[in-house]
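Geometric and topological summary
Listed below, chain by chain, are the residues.
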Amino acid sequence: MHLFPTFCRRALAAAAACLLLAGCTRPAVLQPESSSQPAQSAAGSSETDSGAALPARFAIAVSEGSYNPYLTANTLTEQAAGLLFEKLVRISPRMELEMRLADSVVSSGLTVTIRLRSGCIFADGTPLTSADVAASLLAAKASAFYAGRLANLTDVQAPDPSTVVLTLAQPDSLFAYLLDLPILKAAETASPQPTPCGRYVYGSGGDTLVKNPRAPFPEAGPETIWLTPVSDYAELVSQLAMGEISFYLAEETASSAVATSERYFRTNTLLFLGVNGSADNPLCATAGGRAALSAALSREDLAGRFASASPAAGALNSLYECVQGRQPLSAEADPDGFASRMAALGYRWDEASARYLDPDGRPAQVSILACGSSADRVYSARLVQQQWEENGIETTLTLADDFGAYLQMVQDRQFELYIGEMKLYNNNDLSPFWTGSAHYGLAVTQQLLDAYSLMRADSAAAPDFERVFAEQMPYIPLLWRGGVTVSNRRTSGVISSVSDLYYSLASLSIAQ
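Please read these numbers as outputs of a predicted model, since none were measured by experiment. (Residues numbered from 1 in each chain as written. Predicted model: local features only at pLDDT ≥ 70, side-chain atom pairs only at ≥ 80, totals over all residues. Heavy atoms only, no water.)

So, on to the overall build of the protein. A count of helical and extended segments in the protein gives 13 helices and 25 strands. The buried share of the protein, reckoned over its 512 residues, is 56%. For the protein, the proportion of contacts with a sequence separation of at least 24, taken over those separated by at least 6, is 70%. Of the roughly 19500 Å² that the protein leaves accessible, carbon and sulfur atoms contribute 51%. (Helix = DSSP H or I, 4+ residues; strand = E, 2+ residues; numbered from the N terminus. Buried < 20%, exposed > 50% of the residue type's maximum accessible area, 1.4 Å probe, protein only. Contact = heavy atoms within 4.5 Å. Areas by Shrake-Rupley, 256 points an atom, 1.4 Å probe, with all protein chains shown as cover.)

Okay, structure coming up:
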């Protein structure tokens, strides 16, 4: 997620396969400690860092006058929309699919049937119907921000007031995870300030949001949320320091310059090792070699070196119900599996050099390409290098001068392995690895593609796909990277998810 026109970068990155090879990201740092200040009720007053007294209040950043996420790729508008407009579904911090305006979503072949929850209304009392949902989905598909995720959607029909029927170009059993979209009135999908149907509505002065008494899903939280217009990321950070903003989503390219509290939430951003299956190296060119490299890694240890990461124990996010607890990769290293795979490839352990040697007495070795301008990619590569070296594989690191040079080397297949990152859509669409921007050099078999197609048609087949993936290992999943939120030292208790930055404000506290 990004802000500003750079606001547009998230939509553009999605259109470019969510960029696997995305440039620089937040520095790799250890998890910061919790604030030692006690959380108190959001009442009374507080002080800015300069000492000026301010009311204790929860304030968020907005792009002034912009509240319709279907008219702009501005991510502040998308974030505020999570407060103003309800969604068909949302995804919890544990990646669980929660029904909201939708009572059920059923995918069958090329058809997705949505049954709406009864009794939901807009803030002005107007009933929310299938016509509003259909118009919102069509507006989303035509928008810069959401078009990429809905590229598979070919038709939307509302056969009755409580039913919406979608037609897809290809089966997608996890399509429901893409429906965390704001629902607007059918007549207002082109309005800059549509009628809310969410937890909050527009305040009378234009500088606040206030609780919606007709919210379909009311929850505890502040009665008033203050709005602070900002024009760029630097202003966002400075307004936090001045006390005019309480909380925001951190840019991936920057860390906070102010004494703050940082927290992370789970996302579907995958850090992985791309593998050149045509390289003249059995550790890359064979499924057994790729599996050996994977078995020598402790993903748990890698994740522990980052503030916002969890081990990737398969191709799909491990928290998704269809694969939960049923992925064959281990978060920890597998020494026995590693040793047996190396032996099967003809390598033997040499005690004197503490290295694996091939039948000709040459040490097992690989090289990793990373973008030298990305601190995270270099850090990740060095961690992998360290683990493989400790397991007897000589590992060299090649740093491209900048992202353009790095991308060109990947596209020209001038690598054995490279550190990449992919922002997957929430339905875990892996097609960029098969035919998109991450396919360079990957050894992808028809058996794997067939298993993937079966999984897309029926999520119950996901464990079988994971098994085939682990056997062939066309690329090596490492970590699921998290989104990072920043709050001032007085604000705590905001819960975020990949579906909604303001997933829950029920536990929000602002210390005096």
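This part covers the side chain of Ser-191. Along the chain, the position of Ser-191 falls in the loop between β9 (163-168) and β10 (200-202). Each residue touching Ser-191, except ones within four places of it in the same chain, is listed here: Asn-68 and Leu-71.

Okay, helix α8 (residues 335-344) next. Since there are 3.6 residues in each turn of an α-helix, residues three or four apart along the chain are aligned in direction. Buried within α8 we find Gly-337, Phe-338 and Met-342. End-on, the buried residues of α8 take up no more than an arc of 130 degrees, which puts them together on one face. Residues of α8 that are exposed and angled more than 90 degrees away from the buried face: Asp-336 and Ala-344. The secondary structure elements touched by the buried residues of α8 are α5 (282-285), α6 (287-295) and β17 (355-357). (Arc of directions from axis to C-beta.)

Mapped onto the elements of the fold, Ala-56 is located in the loop between β2 (53-55) and β3 (59-62). Assessed through its relative accessible area of 10%, Ala-56 is described here as buried. For the pair Ala-56 and Ala-511, spaced 455 residues apart in sequence, the C-alpha to C-alpha distance is 7.6 Å.

That's the geometry; what it means functionally is another story.
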